[in-house]
Amino acid sequence: MKNLFFLGPIVILLMTLQSCNDKKLIEVVEVPLPTDIQEKIAIGSPDDVKADEGSFQMDKLPYAYDALSPSISATTLEMHYSKHYLTYTNNLNRAIVGTPLENLTIEEVLAKLDPNDAVIRNNAGGFYNHSLYWKCMAPKSGAEPSNALAEAITRDFGSFDNFTSLFKDEATKQFGSGWAWLIVDRTGKLQITSTANQDNPLMRNALIPGTPVLALDVWEHAYYLDYQYRRKNYIDAFFNVINWRKVEENYDAAAKK
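Residues numbered from 1 in each chain as written. Predicted model: local features only at pLDDT ≥ 70, side-chain atom pairs only at ≥ 80, totals over all residues. Heavy atoms only, no water.

Caption draft 1: Seen up close, the overall build of the chain. The number of helices and strands found in the chain is 8 helices and 6 strands. Per-residue burial for the chain yields a buried fraction of 44% across its 257 residues. Contacts spanning at least 24 positions in sequence make up 61% of the contacts within the chain whose residues lie at least 6 apart. Summed over its atoms, the accessible surface of the chain is roughly 14000 Å², and 54% of this surface lies on carbon and sulfur atoms. (Helix = DSSP H or I, 4+ residues; strand = E, 2+ residues; numbered from the N terminus. Buried < 20%, exposed > 50% of the residue type's maximum accessible area, 1.4 Å probe, protein only. Contact = heavy atoms within 4.5 Å. Areas by Shrake-Rupley, 256 points an atom, 1.4 Å probe, with all protein chains shown as cover.)

Caption draft 2: Broad picture of the side chain of Asn123. Relative to the elements of secondary structure, Asn123 occurs in helix H3 (residues 118-135). Asn123 has contacts with Thr87, Tyr88, Asn91 and Leu92, leaving out every residue within four places of it along the chain.

Caption draft 3: Layout of helix H7 (residues 231-238). Within H7, burial applies to Arg231, Tyr234, Ile235, Ala237 and Phe238. Buried residues of H7, seen end-on, are gathered within an arc of 160 degrees and therefore sit on one face of the element. Against the buried residues of H7 lie H3, helix H5 (160-173), strand S6 (211-217) and helix H6 (224-227). (Arc of directions from axis to C-beta.)

Caption draft 4: Local environment of the packing of aromatic side chains. Taken as a whole and judged by the stated rule, the model has 20 aromatic pairs. Judged by centre distance (5.9 Å) and plane angle (70 degrees), the ring pair of Phe167 and Phe239 falls under edge-to-face. Here Phe167 is found in helix H5, whereas its partner Phe239 is found in the loop between H7 and helix H8 (244-255), with 72 residues between them in sequence. Taken individually, Phe167 and Phe239 each receive the classification buried, so the pair is uniform in this respect. Directly above the ring of Phe239 sits Lys168, whose terminal nitrogen or CZ lies 5.1 Å from the centroid. (Phe/Tyr/Trp six-rings, centres within 6.5 Å; stacked < 30°, edge-to-face > 60°. Lys NZ or Arg CZ within 6 Å of the ring centre and 35° of its normal.)

Caption draft 5: Examining the pairing of strand S4 (residues 178-184) more closely. Across the 7 residues that make up S4, a large majority, 7, are buried. On S4, burial covers both faces: Gly178, Ala180, Leu182 and Val184 on one face and Trp179, Trp181 and Ile183 on the other are all buried. One ladder, built from 7 bridges, connects S4 with strand S5 (residues 190-196); its direction is antiparallel. Paired with Trp179 across the strands is Thr195, a residue of S5. Following S4, the chain reverses through 5 residues before pairing antiparallel with S5; Gly188 in that reversal takes a positive phi of roughly 90 degrees. Here 6 bridges tie S4 to S6, and the two strands are oriented antiparallel to one another. Counterpart to Trp181 in the pairing with S6 is Ala215. (Pairing = 2+ DSSP bridges.)

Caption draft 6: The sheet that holds S5, seen in detail. Read from one edge of the open sheet, 3 strands run S5-S4-S6, paired in antiparallel fashion. Edge positions in the open sheet fall to S5 and S6, since each of these has one partner strand only. Pairs of neighbouring strands in the sheet enclose a mean axial angle of 25 degrees, with direction left out of account. H3 rests against S4 and S6 of the sheet, and its axis sits at about 85 degrees to S6. (Axes fitted to C-alpha atoms, helices over the stretch in contact; angles between N-to-C directions.)

Caption draft 7: Here's a closer look at the nonpolar core. By size, the foremost hydrophobic cluster in this structure holds 68 residues, and its most contacted members are Tyr133, Phe163, Phe167, Leu214 and Leu216. Ranked by residues supplied to this core, first place goes to helix H1 (residues 74-96) with 8 residues. Among residues more than four places away in sequence, those in contact with Phe167 are Ala180, Trp181, Leu182, Ile192, Leu214, Leu216, Phe238 and Phe239. (Core = buried A, V, L, I, M, F, W, Y, C linked by side-chain atoms within 4.5 Å.)

Caption draft 8: Expanded view of unusual backbone geometry. The peptide bond linking Ser69 to Pro70 adopts the cis configuration, its omega dihedral lying at 5 degrees. Turning to its location among the elements, Pro70 is positioned in the loop between strand S3 (24-32) and H1. Even without being a glycine, Asn197 presents a positive backbone phi close to 55 degrees. Considering the arrangement of structural elements, one finds Asn197 in the loop between S5 and S6. In this structure Asn197 comes out as partly exposed when scored by relative accessible area, which is 41%.

Caption draft 9: Examining the pattern of salt bridges more closely. In total, this model carries 9 salt bridges according to the counting rule given. In this structure, Arg94 engages Asp52 in a salt bridge whose closest nitrogen and oxygen atoms are separated by 3.9 Å. One end of the pair, Arg94, is in helix H1; the other, Asp52, is in the loop between S3 and H1, with 42 residues separating them in the sequence. The closest approach of N and O atoms between Lys232 and Asp236, which form a salt bridge, is 3.3 Å. (Salt bridge = Lys/Arg side-chain N within 4 Å of Asp/Glu carboxyl O.)

Caption draft 10: Inspection of the environment of Gln198 at higher detail. Here Gln198 shows up in the loop between S5 and S6. In this structure the C-alpha to C-alpha distance between Gln198 and Asn129, which are 69 residues apart in sequence, comes to 7.2 Å. Polar contacts involving the side chain of Gln198 include one to the side chain of Trp179, which spans 2.9 Å. (Polar contact = N/O pair within 3.5 Å; in protein donor to acceptor, adjacent residues only side chain to side chain.)

Rendered as structure tokens:
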């Protein structure tokens, strides 16, 4: 007996086979459908995404959704930017309306917010963290840093290879959702740290405070569609798209403070 079931993009053929001892076995065969009738996924433009009116607006994504592929797919980037980042921005604006935080910069909001206020803390962090994360990546990037940042990495970590290993390890071992950071601490030294959820090193509750110059999102929504549970593969791929020129600018600005 044969049964055909049409499920999404595949045809599954179930064939019942009668064995010599009367036990039924099931054979499952997957057959792709012709490409012209497969479901097409429409990818929009980041320019079409706008937050509601408020104190903060989304930073424009400086590249197309498919520009970081294959390290980060267009589907992942569109979802991340147009859904998660948009939600943090809108929620932050609603949370600070009528409060003393409403007319401050995002850095001032992070420094002054009450860590016990989960709504403002999570959404202010989500807005700032993602705004930095987008800028830390670029198409046809990767390689290694240069100039003052390269010298500082060698000074504080021994070599770029040592830094890479330490940063990847910090990102990999972060339990659950969170972020990995390269920061300039209050003494001017580079440090690698991580934070849970949407916390960051600018907040008063940071275990290692400092100014972030490189941010890596290790929430599952940043990589699960592309890498499933293999966070380490995502972290390795991130190093193929790091915008070291922008990270160098971040370091130069932080070092002058």
